[in-house]
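One letter stands for each residue in the lines below.
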Amino acid sequence: PRIAGVAFTGSTEVALLIRRAMAEHGNPTAPLIAETGGLNAMMVDSTALPEQAVRDVLASSFQSAGQRCSALRCLYLQEDVAAHTLEMLYGAMDELALGDPAALVTDVGPVIDSEAHQSIAAYVAAARAEGRVLKEMASPKLGTFIAPTVIRVTGIEDMKREIFGPVLHVATFKAGEIDKVVRAVNATGYGLTFGLHTRIDDRVQAVVDALEVGNTYVNRNQIGAVVGSQPFGGEGLSGTGPKAGGPEYLVRFTKPATPEAGPDTRAVTEAEVAAALRLDAKLARSTRELVLPGPTGESNKLSLVPRDPILCLGPSAGAALAQAEAVRALGGHAVEAPGLPPMALSRLPGFSGAIWWGDETGARERARALADRKGPILPLIGGLPDAGHALLERHVCIDTTASGGNAQLLAEVSQS
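None of these values were measured; they are calculated from a predicted model.

Undergrad: Describe the packing of aromatic side chains, with residues and values.
TA: The final tally for this structure, using the stated rule, is one aromatic pair. With 5.2 Å between their ring centres and 70 degrees between their planes, Tyr 249 and Phe 253 make a pair best called edge-to-face. Using a relative accessible area of 22% as the deciding quantity, one classes Tyr 249 as partly exposed. Over the face of the ring belonging to Trp 356 we find Arg 366, whose NZ or CZ atom lies 3.7 Å from the ring centre.

Take a look at the structure:
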């Protein structure tokens, strides 16, 4: 119970176990900052420069033996350029050197341990038996090496879990199916990184606007976020926020004030709260953008988007109103719900967290209910909320030197 907070990087499954343990045994309102896994995709359209795309696919998929949270797992290639791009990718893979990471000539080292090696090797063997392995390199006999491998899939929906190693899945899409690809990526529930290679500015904006992803990288690789320029972290099943290296991060490591709650005066029903959440879902979400510093030739923008509403539990009506006003002052959305039964928190859809200023027993009941939910980890906030509770952070990094060609002409051609 003396633990004031937990910061964790690892799998979504382990983060959920930590959340349940904190609700059961720890301080029920202690913050959990979880940066978890992702089914990260990259889309390459027919206007992309294939040399640049292959360079970035190679780094995003196989650097660090694919053992990065941000690593590319599913590559979508527009079918018009798929064969040529894959031919170039296979040739580039043949130049990779596998071996001891201490050697400067090494491009790909081993995976972390024998357990990881066995799991990934079994996955690749199953895909090989199904005839879906498109390219597989040879690997050293000694050590826990997994050879960089390319596997065919129909889409990201074929991937039931993240394979944390040098394994790239490839799917193709038609020119008119970009929206379909974005919907499939969003439907996974994960939202960590996404890569996009295109020379059409309007397409960049349309894809970025539709994505539910923490970090989007355009015309560059999607690994190696830089503190201050590319705040890193996901949403949904990929993390709780706030973003590491971002402007809202440090405050989560401080202890917020907890105002007096006052006596219970009014209780709402679960049906009333559900109706308020449905109404809020129809409201427009206003976005605020921050331009962040970075090297010449790189654009970095951080967008702050209101999360789903925070439930303000009071326990009194006055406390719930004060909680809601604090959330709204940060630019977020709130629903006042004093007296809401704790178990309703395990069932209600459409909210992103809850605030409780009551006693520890009540806090633990509500923390347990939140921990029993399926899906993203939702916080129980024991003091005043911070901006990271109220707002999603979505970052877009664009390599402005990589586009090449006449982008305006390409845009006109695509529209005609």
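Undergrad: Tell me about helix H2 (residues 50-62), residues and numbers included.
TA: Counted at 1.5 Å a residue, the expected span for H2 with its 13 residues is 18 Å, and the 18 Å between its end C-alpha atoms agrees. Residues Gln 52, Ala 53, Val 54, Asp 56, Val 57, Leu 58, Ala 59, Ser 60, Ser 61 and Phe 62 constitute the buried set of H2. Those residues of H2 hidden inside the fold are in contact with strand S3 (41-44), strand S4 (74-78), helix H3 (79-94), strand S6 (149-152), strand S7 (167-173) and strand S9 (193-197). Residue Ser 64 follows H2 closely and has a positive phi angle near 60 degrees.

Undergrad: Any chance you could break down the pattern of salt bridges for me, citing the residues and the numbers?
TA: Tallying each qualifying case throughout the model produces 17 salt bridges. With a closest N to O distance of 2.7 Å, Asp 45 and Arg 203 form a salt bridge. Here Asp 45, found in the loop between S3 and H2, pairs with Arg 203, found in helix H6 (residues 201-210); they are 158 residues apart in sequence, far enough to count as distant. Residue Asp 386 is joined to Arg 252 by a salt bridge in which the shortest nitrogen-to-oxygen separation is 2.7 Å. Of this pair, Asp 386 sits in the loop between strand S17 (380-381) and helix H10 (387-390) while Arg 252 sits in the loop between strand S11 (235-236) and helix H7 (270-281), placing them 134 residues apart in sequence. Each member of the pair, Asp 386 together with Arg 252, is buried. Connected through shared salt-bridge partners, Asp 280, Arg 285 and Asp 308 make up one network.

Undergrad: How would you summarise the environment of His 169 if you had to cite specific residues and measurements?
TA: In this structure, His 169 sits in strand S7. For His 169, a relative accessible area of 0% gives the class buried. Distance from His 169 to Val 105, taken between C-alpha atoms, is 26 Å for residues 64 residues apart in sequence. Sequence-distant contacts of His 169, defined by excluding residues within four places in its chain, comprise Arg 73, Cys 74, Leu 75, Tyr 123, Ile 151, Val 153, Met 159 and Ile 163.

Undergrad: A description of the pairing of S7 should follow, citing residues and the corresponding values.
TA: With six of seven residues buried, S7 lies mostly within the body of the structure. Across five bridges, S4 lies against S7 in parallel orientation. Residue Tyr 76 lies in a different strand from S7, and its bridge partner there is Ala 171. Note: S6 against S7, four bridges, orientation parallel. Across the sheet, residue Val 150 finds its bridge partner in S7, namely Leu 168.

Undergrad: Could you give an account of the side chain of Arg 366, naming the residues involved and the relevant values?
TA: Locating Arg 366 in the fold gives a position in helix H9 (residues 360-371). Within polar-contact distance, the side chain of Arg 366 engages the backbone oxygen of Gly 362 at 2.9 Å.

Undergrad: Explain the packing of helix H1 (residues 12-25) against H9 residue by residue, including any values.
TA: Where H1 contacts H9, the two axes come as close as 8 Å, and the packing angle between them is 160 degrees. If you check the angle between H1 and H9, you find them roughly antiparallel. The handedness of the crossing between H1 and H9 comes out as left-handed. Side by side, H1 and H9 meet where Arg 19, Arg 20, Met 22, Ala 23, Glu 24 and His 25 of the first sit next to Arg 364, Ala 367, Arg 368, Leu 370 and Ala 371 of the second.

Undergrad: Any chance you could break down the sheet that holds strand S14 (residues 310-312) for me, citing the residues and the numbers?
TA: Here we have four strands laid out as an open sheet, ordered S15-S14-S16-S17, and parallel in their pairing. Of all strands in the sheet, those bounded by a partner on one side alone are strand S15 (334-336) and S17. Where S14 meets strand S16 (residues 353-355), three bridges bridge the pair, whose relative direction is parallel. Along S16, the bridge assignment pairs Ile 310 with Gly 353.

Thresholds, definitions, all that
- Residues numbered from 1 in each chain as written.
- Predicted model: local features only at pLDDT ≥ 70, side-chain atom pairs only at ≥ 80, totals over all residues.
- Heavy atoms only, no water.
- Phe/Tyr/Trp six-rings, centres within 6.5 Å; stacked < 30°, edge-to-face > 60°.
- Buried < 20%, exposed > 50% of the residue type's maximum accessible area, 1.4 Å probe, protein only.
- Lys NZ or Arg CZ within 6 Å of the ring centre and 35° of its normal.
- Helix = DSSP H or I, 4+ residues; strand = E, 2+ residues; numbered from the N terminus.
- Expected span 1.5 Å × (residues − 1).
- Contact = heavy atoms within 4.5 Å.
- Salt bridge = Lys/Arg side-chain N within 4 Å of Asp/Glu carboxyl O.
- Pairing = 2+ DSSP bridges.
- Polar contact = N/O pair within 3.5 Å; in protein donor to acceptor, adjacent residues only side chain to side chain.
- Axes fitted to C-alpha atoms, helices over the stretch in contact; angles between N-to-C directions.
- Parallel < 35°, antiparallel > 145°, perpendicular 65-115°, else oblique.
- Left-handed = near helix turned anticlockwise from the far one by under 90°.

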